[in-house]
Amino acid sequence: AQTVTQSQPEMSVQEAETVTLSCTYDTSESNYYLFWYKQPPSRQMILVIRQEAYKQQNATENRFSVNFQKAAKSFSLKISDSQLGDTAMYFCAFMRGDLSGTYKYIFGTGTRLKVLA
Amino acid sequence: DAGITQSPRHKVTETGTPVTLRCHQTENHRYMYWYRQDPGHGLRLIHYSYGVKDTDKGEVSDGYSVSRSKTEDFLLTLESATSSQTSVYFCAISESGGPSGYTFGSGTRLTVV
């Protein structure tokens, strides 16, 4: 069974600095997808970034980028120029299709990030 | 979030009572999901639906049932609520069920006392 591990329950970073959140996963599959979701205090789940395992190029969305190391099964999220609005819980998630063609998430336990003024 | 609403947003109920949470979408998406979020566990899939009257179990389905009689509505029922079902419940929708990511609702905080 697939598992997703986020080993940092809490982190903090100074405004305008860079922070990296770690995520590792375990799978025997070669084709899958990885995601980072942000959950601010409003509880809304917001998709931050998505990576296809068959793509070697790391995904980037504005200030958010990933370091995808397929062999090491590592998928870290880098937030550059941190802003107060980045304060949130961040979830790493793994997804692959099952025999019926349905895709389901496996979520990590989350990292609570606080951006300090 | 636009296109998906959950009701109620908060609910307190007593142990042993039935509870129904509602998820309503206006996107006409085929796939709908119910998750629960608990500290130390992230989000875990309870049940999902791949069409009207087509549902299947997730990893934590015990004590829960679902129904989908219309494309736009997906109901989650706790037949007899227990304290272990105190959680935040999220509904999500997906157009194709594929890997493009889901759209999540704002969640329902359920407390069973």
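Residues numbered from 1 in each chain as written. Chains lettered and ligands numbered in written order. Predicted model: local features only at pLDDT ≥ 70, side-chain atom pairs only at ≥ 80, totals over all residues. Heavy atoms only, no water.

### Section: the interface of chain A and chain B
Rules: We call two residues in contact whenever any of their non-hydrogen atoms come within 4.5 Å of each other. Note on terms: buried area is the combined drop in 1.4 Å-probe accessible area of two parts once they are placed together, counting the loss on both. Contacts described as polar in this section are N or O atom pairs within 3.5 Å, which, within protein, must combine one atom able to donate a hydrogen with one able to accept it, while residues neighboring in sequence count only if both atoms come from side chains. Side-chain classes are defined by residue name, with Ala, Val, Leu, Ile, Met, Phe, Trp, Tyr, Cys and Pro counting as nonpolar, Asp, Glu, Lys and Arg as charged, and the others, Gly among them, as polar.
Contacts between the two partners involve 19 residues from chain A and, on the opposite side, 27 residues from chain B. Both sides together, the interface formed by chain A and chain B hides about 1,900 Å², and carbon and sulfur atoms give 54% of it. Where chain A touches chain B, the interface holds twelve residue pairs in polar contact (both at pLDDT 80 or more). Grouping the amino acids of the side of chain A that touches chain B by side-chain chemistry returns ten nonpolar, six polar and three charged.

### A word on the nonpolar core
What counts here: Among the buried residues, those of types Ala, Val, Leu, Ile, Met, Phe, Trp, Tyr and Cys that are joined through side-chain atoms within 4.5 Å form a nonpolar core. Relative accessibility decides the category of a residue: with a 1.4 Å probe and only protein chains considered, values under 20% of the type maximum give buried, values over 50% give exposed, and everything between is partly exposed. Strands are runs of DSSP state E lasting at least 2 residues, helices are runs of H or I lasting at least 4, and numbering of each runs from the N terminus.
Judged by nonpolar contacts, the single largest core of 25 residues is most densely connected at Tyr 25, Trp 36, Phe 75, Leu 77 and Tyr 90 of chain A. Of all the elements, strand S10 (residues 88-97) of chain A adds the most residues to this core, at four residues. Apart from the residues within four sequence positions on either side, Phe 75 of chain A is in contact with Cys 23, Tyr 25, Leu 34, Phe 35, Trp 36, Gln 51, Val 66, Asn 67, Phe 68 and Cys 92 of chain A. Within the second largest apolar cluster, 21 residues are counted, among which are Phe 107 of chain A together with Tyr 31, Leu 45 and Ala 92 of chain B.

### A word on the state of the cysteines
How we decide: Here, the term disulfide refers to a pair of cysteine sulfur atoms separated by no more than 2.5 Å.
Evaluated as defined, the whole model comprises two disulfides over all chains. Paired by a disulfide, Cys 23 of chain A and Cys 92 of chain A hold their sulfur atoms 2.0 Å apart. Classification of the bridge connecting Cys 23 of chain A and Cys 92 of chain A rests on its S-S torsion, roughly -70 degrees, and on that basis the disulfide is left-handed. Pair noted here: Cys 23 of chain A is in the loop between strand S3 (19-21) and strand S4 (24-26) and Cys 92 of chain A is in strand S10, with a separation of 69 residues, a long-range link. The disulfide bridge from Cys 23 of chain B ends at Cys 91 of chain B, spanning 1.9 Å between sulfur atoms. Negative torsions about the S-S bond denote left-handed disulfides, and the value of about -75 degrees found for Cys 23 of chain B with Cys 91 of chain B makes this one left-handed.

### A short note on unusual backbone geometry
The omega torsion across Ser 7 of chain B and Pro 8 of chain B is -10 degrees, close enough to zero to call that bond cis. Tracing the sequence through the fold places Pro 8 of chain B in the loop between strand S1 (4-7) and strand S2 (10-13). Positioned with a positive phi, Arg 43 of chain A is a non-glycine residue whose angle comes to about 85 degrees. A relative accessible area of 9% places Arg 43 of chain A in the buried class. In this model, Asn 62 of chain A sits at a positive phi of 55 degrees, which is unusual for a non-glycine residue.

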